[in-house]
Amino acid sequence: MSMDASFQSHLQMMVICITVLTIFLPVKGSLYIEIDSNAVGQGTYARFVCLVRGSDRPAMVRTWLKNGHTLQSNIRASTLPPPYYNQLVIRNAQPTDAGMYTCVTNEGQNSTQYLVVYCPIVTYPRPVVRAVIGGNATLRCDGECYDYIFWSKNNYIIDSIEPERFYSPGNGSALYITNVTMSDNGTFLCEFISMKTAYRAVELLVVEAADQVTVSRSNSVASVGHDYEIRCESNGHPRPESVSWFNDSKPISSTNRVSMRYRRENGTATLSISPLTHYDLSKLECRFKQTLLEGQINYINAVISITATGTALFPGFDFLIQILFGTLCGCDCFR
């Protein structure tokens, strides 16, 4: 056999030996775990890959540990692919899956990565919490994988606002408010703290106040035969949806002489009479209708007594005016 053939034969044997040694002998490079993300949402998946730095082949993993204990493969946690078993996949991740994961190779090398499982942010519409002034309210944060919850409003931690009225026991999943005031109306923020990850959810508190009515008039004293206007204003919350007017407990309807307006955005109801007659000099009433908690209907009213300085030219003058108005407009222009 020639020298060249002998050299080539030895070279081929060396390549085979190096290949065998590369596969089966211990790898001297450092071991590390590659992970898609250290924080995953509950119900998603996590994947760990054990690799050798500076090597073109995966590590040969003997076992996987969780928090120092051997991890047994199950329907949610499995190792793959054979024969390396250098990948660990956790499906449908749960809060109990959080912890430290370690891969141990056949050579005794090991590397560790941590995993955090957090609750996903609640994005579906949450029910509005309602309360009345002077009453109590309870706000709640839903979730299972948090360690603690912080409550805030307008960027202020609740505990620093009025600790005598705000109480959040235990892990903070519920916030209790006593003696509710109108200033409590608005958005409350609860922050989920889970290991190294924080997530937020929003609770909206709507404070409802029983209606109170203030009355104003175009003139302090009415004058028969002239225009007259009465205004009732509600400061309740939410604003009343409607208002009715009464004269001596009898409903008043809009006519050519009497008009009624209501602006719900500012809770203002106006009654205009043109002209004013002696028949209007009685007890007028504005009555607001307000819907409170769980469909509860609340009525609040104000009674206004009208007195006048003017007098009729002769007895029955107002009656004559009404007849004339009725004849001209062809209808009953009054109550």
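Residues numbered from 1 in each chain as written. Predicted model: local features only at pLDDT ≥ 70, side-chain atom pairs only at ≥ 80, totals over all residues. Heavy atoms only, no water.

Caption draft 1: Broad picture of the confidence of the model for the chain. Of all residues in the chain, 70% attain a pLDDT of 70 or more, and the chain-wide mean is 75. Low pLDDT (under 50) marks residues 312–319, which in the prediction has eight contacts with non-local residues, meaning those over four places away or in another chain. Contacts of residues 327–335 to residues separated by more than four positions or lying in other chains number 17 contacts, the stretch itself having pLDDT below 50. (pLDDT = per-residue confidence, 0-100. Contact = heavy atoms within 4.5 Å.)

Caption draft 2: Structural view of the sheet that holds strand S1 (residues 31–35). Taken together, four strands build an open sheet; the order of strands is S1-S3-S7-S6 and the sheet is antiparallel. Here the strands that pair on one side only, and so sit at the sheet edges, are S1 and strand S6 (77–80). With strand direction ignored, the average angle separating the axes of adjacent strands in the sheet is 20°. Of the pairings in the sheet, the one linking S1 to strand S3 (residues 46–52) comprises five bridges and is antiparallel in character. Opposite Ile35, over in S3, you have Phe48 as the bridge partner. (Pairing = 2+ DSSP bridges. Helix = DSSP H or I, 4+ residues; strand = E, 2+ residues; numbered from the N terminus. Axes fitted to C-alpha atoms, helices over the stretch in contact; angles between N-to-C directions.)

Caption draft 3: Inspection of the pattern of salt bridges at higher detail. Counted according to the given criterion, the structure contains seven salt bridges. We note a salt bridge from Arg231 to Glu229, for which the minimum N-O separation is 3.7 Å. For Arg231, a relative accessible area of 35% gives the class partly exposed. Residue Glu265 pairs with Arg263 through a salt bridge whose shortest N-O separation is 3.0 Å. Under the relative-accessibility criterion, Glu265 is labelled exposed at 57%. (Salt bridge = Lys/Arg side-chain N within 4 Å of Asp/Glu carboxyl O. Buried < 20%, exposed > 50% of the residue type's maximum accessible area, 1.4 Å probe, protein only.)

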